[in-house]
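Listed below are the residues making up each chain.
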Amino acid sequence: MTVKVEASHDAIPHNTLLAVGIVGSIICIYLTYLNTITGLELFSFFGGLGAVIALIWGTSTIKRLCSYGIGTGVPSAGMVAFGAGIIAMLLGTKFGIASPIAALIIAAVAGAAFGFLADNVLNMKIPVLMQSLAELSIIGALTILGFTAMATGDFTFSALSAGTISIFGFAMSSANASYLGGGIIAVAFMLGAIAIQHPFNAALGPSNTQDRTLMLAAECGFLSMIIMAVISFAFIAVGAALVGLLIAIIGWGYTYTQFIELSKRDAAAWLDAKPILETEA
Amino acid sequence: MSAIASKPAGGAEMPVMGAAIAVVLLLAVLGIGFGLTIAGIFPMAAFYSLIGIIIGGMLVTFSVHLVPVGGAPAAMGQAPGIATGVTMLAAGAGLAGLFKGAWAAQFSYPVALGTGAIGGALLMAITCMLVNVTYVFAMGIPAASGKVNKDPLTGDTQPEYKSQGTEGHGLPFISYVGGVLGGLIGGFGGTLIYLSLYDAYLTGIPALMGTDVESVMPLIVSIAGIFAIGMFLVNAVLTAYNITGTIEGPHDPKFKRFPRAIVASAVASALSGLLALLIIVPVPF
């Protein structure tokens, strides 16, 4: 029997975060499609917001999974999320307008299969493992897709693999200058993976609180979003990239101040820390 | 959390029901791959690539069991091994090999695979040596295994060097050898995954985009590389879940658990390999 040890009781139940995360993230990624409809590139930043929403949901999932003691450290869950997520996301981009939905379905199937293997073949015997790995794969796929949409303003395979360079004023197509060919996807992969590994790993402990952990997740997400906004200058119009950068910096500044506030609140409350309650699952 | 709740080391037995379902899943994925080849959607090379990916994934999984992983206890000198998690070490060794192998991919299969294996082994050898330098000269503790009384290779006795209240410390000779062997096999496996994908994309992606190989070369290398990293991480984490925590190397009792990880890895590699290869199939969108 696996013992469940909760870091803290959640004010917002995990299922609410799951529903909000999955719907919010998909809607935000789809809002970048306004780029194609209006011909502007102004709506790219919605991709980054979708990634941040997915990361907040992912932190809650990692907390739920790690309350069972997986014995290998919190970051491993983030690595499997993004390893499975990038495969699903890249295959998903081939489906044009249906890309986010396709990535979600492929990631769910792959993640559930990996969860089944870990639970039943490797004898982990953790009740939530299969669902958690499926969720984490979806989170990985949606986060990378969101960052991709933010950097390039599009989420289809043909757009990601096409790039132009200008030589003496002539525009020439070159795969080297594209999002995929330039290897920018590896940067998006790592930025997302660091952002999902860090929050729960840093905030767990006897005085863990849900709002502080999730605020740290949002802060990490916006920090990665700043870097993706800088990268987006290479792919989209300067004005649109500036809007993205501005939103990312404002979001990071707000969440960072809030996180410091919450840390100060919890630090004062740490004096009457209680032993961790062990509950039988 | 995990330190408090972690359960005592489980047995090495393979669950029959789970393994049976896993084998059926593996055959199903292989069947889909073969069916797509028969239907003419995949070139024959893509099916061979799928086999290569599965073998590469199984090698990666096996190699991770050889690497001495100490985790947080090793950082405090209370357990033998390198003071980090299974996933990070496996990723370090495998990706170092993969990058070197990818550099040599333009030559031939044996050269690239050999370069990848040496790259992984070199990284592990340097890491293991610096771990022991730190332990012996900075922390002032000798290398001693907590799991065996005699080193299986050198025959040196261990218990008299082991501090009370610890599970051993430092990197004994057998752990060092295990680490280098792990890097060697892991780098080989990671490079095999990369080369299999690279070969399939070399014909698949130009056909998909209706252009010649030269103009899409960056895409081929980049997509094969990022997929190889993804599969490597999936395999490394599944292995980490099998080991649960720390392992000393090939002499550790936990090493006997590797068969079930190889079954799981074969299925996981087959599934992710099939998904990765499907990217060369044109979709009407």
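The rules behind these values
Residues numbered from 1 in each chain as written. Chains lettered and ligands numbered in written order. Predicted model: local features only at pLDDT ≥ 70, side-chain atom pairs only at ≥ 80, totals over all residues. UniProt positions renumbered as here; feature names shortened; annotations may be inferred. Helix = DSSP H or I, 4+ residues; strand = E, 2+ residues; numbered from the N terminus. Rg over C-alpha atoms; globule rule 2.2 N^0.38 Å. Contact = placed C-beta atoms within 7 Å. Nonpolar A, V, L, I, M, F, W, Y, C, P; charged D, E, K, R; others polar. Axes fitted to C-alpha atoms, helices over the stretch in contact; angles between N-to-C directions. Parallel < 35°, antiparallel > 145°, perpendicular 65-115°, else oblique. Left-handed = near helix turned anticlockwise from the far one by under 90°. Buried ≥ 20, exposed ≤ 12 C-beta atoms within 10 Å, placed from the backbone. Core = buried A, V, L, I, M, F, W, Y, C linked by C-beta atoms within 7 Å.

- Within an unreviewed UniProt entry, the label attached to chain B reads Tetrahydromethanopterin S-methyltransferase subunit D, and the organism entered is Methanocalculus chunghsingensis.
- Among the UniProt annotations of chain B, the heading Subcellular location (unreviewed entry) holds the following wording: "Cell membrane".
- Listed under Subunit (unreviewed entry) in UniProt, the entry text for chain B is "The complex is composed of 8 subunits; MtrA, MtrB, MtrC, MtrD, MtrE, MtrF, MtrG and MtrH."

- Chain A is annotated in an unreviewed UniProt entry as Tetrahydromethanopterin S-methyltransferase subunit C of Methanocalculus chunghsingensis.
- Its UniProt record, at the heading Catalytic activity (unreviewed entry), says of chain A: "5-methyl-5,6,7,8-tetrahydromethanopterin + coenzyme M + 2 Na(+)(in) = 5,6,7,8-tetrahydromethanopterin + methyl-coenzyme M + 2 Na(+)(out)".
- Listed under Subunit (unreviewed entry) in UniProt, the entry text for chain A is "The complex is composed of 8 subunits; MtrA, MtrB, MtrC, MtrD, MtrE, MtrF, MtrG and MtrH."

Some points on the overall build of chain A
- Of regular secondary structure, chain A possesses ten helices and two strands.
- When the helices and strands of chain A are listed from N to C terminus, the series reads α-α-α-α-α-α-α-β-β-α-α-α.
- Scaling as 2.2 N^0.38, a compact globule of 281 residues should have a C-alpha radius of gyration of about 19 Å, and chain A matches this with 19 Å.
- With respect to the principal axes defined by its C-alpha atoms, chain A has extents near 70 × 45 × 25 Å.
- A separation threshold of at least 6 residues defines the contact pool for chain A, and within that pool the share at least 24 residues apart is 71%.

What to know about the interface of chain B and chain A
- Facing the 48 residues of chain B at the interface are 48 residues of chain A.
- Looking at the side of chain B that touches chain A, the elements that each hand over two or more residues are helix 1 (2-5), helix 2 (16-38), helix 5 (86-103), helix 8 (213-243) and helix 9 (258-277) of chain B.
- With 17 residues, the top contributor of residues to the side of chain B that touches chain A is helix 8 of chain B.
- Tallied by class, residues from the side of chain B that touches chain A come to 33 nonpolar, 13 polar and two charged.

So, the packing of helix 4 (residues 75-92) of chain A against helix 5 (residues 99-121) of chain A
Residues and elements named next belong to chain A.
- Between helix 4 and helix 5, whose axes approach to 8 Å, the crossing angle comes to 140°. In terms of their interaxial angle, helix 4 and helix 5 are classed as oblique. In this structure, helix 4 meets helix 5 at a crossing whose hand is right-handed. Contacts between helix 4 and helix 5 involve Val80, Ala84, Gly85, Ile87, Ala88, Met89, Leu91 and Gly92 on the former and, on the latter, Ser99, Ala102, Ala103, Ile106, Ala107, Ala110, Gly111 and Phe114.
- Split into classes, the residues belonging to the contact of helix 4 with helix 5 amount to twelve nonpolar, four polar and no charged.

So, unusual backbone geometry
All names here are of chain A.
- Backbone geometry at Asn123 places phi at a positive 60°, although glycine is not the residue there.
- Within the fold, Asn123 resides in the loop between helix 5 and helix 6 (129-152).
- A count of 19 C-beta atoms within 10 Å places Asn123 in the partly exposed class.

What to know about the UniProt feature "transmembrane region" (unreviewed entry) in chain B
All names here are of chain B.
- The UniProt record marks residues 16-38, 45-67, 79-99, 111-138, 173-195, 216-241 and 261-283 with the feature "transmembrane region" (unreviewed entry), using the residue numbering of this structure.
- Span residues 111-138 is 100% helix and 0% strand, its end C-alpha atoms 39 Å apart.
- Split by type, residues 216-241 is 100% helix and 0% strand. Its first and last C-alpha atoms lie 38 Å apart.

Topic: the nonpolar core
- In this structure, Val80(A), Ala88(A), Phe114(A), Leu117(A), Phe232(B) and Leu238(B) are the most contacted members of the largest nonpolar core, which totals 192 residues.
- Per-element accounting of this core gives the leading share, 19 residues, to helix 8 of chain B.
- Residues contacting Phe114(A), with those up to four places away along its chain left out, are Val80(A), Ala84(A), Leu133(A), Val234(B), Leu238(B) and Ala268(B).

Here we look at the UniProt feature "transmembrane region" (unreviewed entry) in chain A
- Feature annotation in UniProt places "transmembrane region" (unreviewed entry) on residues 12-33, 39-58, 65-91, 97-117, 129-149, 155-172, 179-200 and 222-255 of chain A, given in this structure's numbering.
- A distance of 31 Å separates the end C-alpha atoms of residues 12-33 of chain A, which is 82% helix and 0% strand.

A word on the packing of helix 8 (residues 184-203) of chain A against helix 9 (residues 210-232) of chain A
All names here are of chain A.
- For the pair helix 8 and helix 9, interaxial distance at closest approach is 8 Å and the crossing angle is 160°. When the axis of helix 8 is compared with that of helix 9, the two are roughly antiparallel. Handedness of the crossing formed by helix 8 with helix 9: right-handed. Seen from helix 8, the contacting residues are Ile184, Val187, Ala188, Leu191, Gly192, Ala195, His198, Pro199, Phe200, Ala202 and Ala203; seen from helix 9, they are Arg212, Thr213, Leu216, Ala217, Cys220, Gly221, Ser224, Ile227, Met228 and Ile231.
- Residue composition of the contact of helix 8 with helix 9, by class: 15 nonpolar, five polar and one charged.

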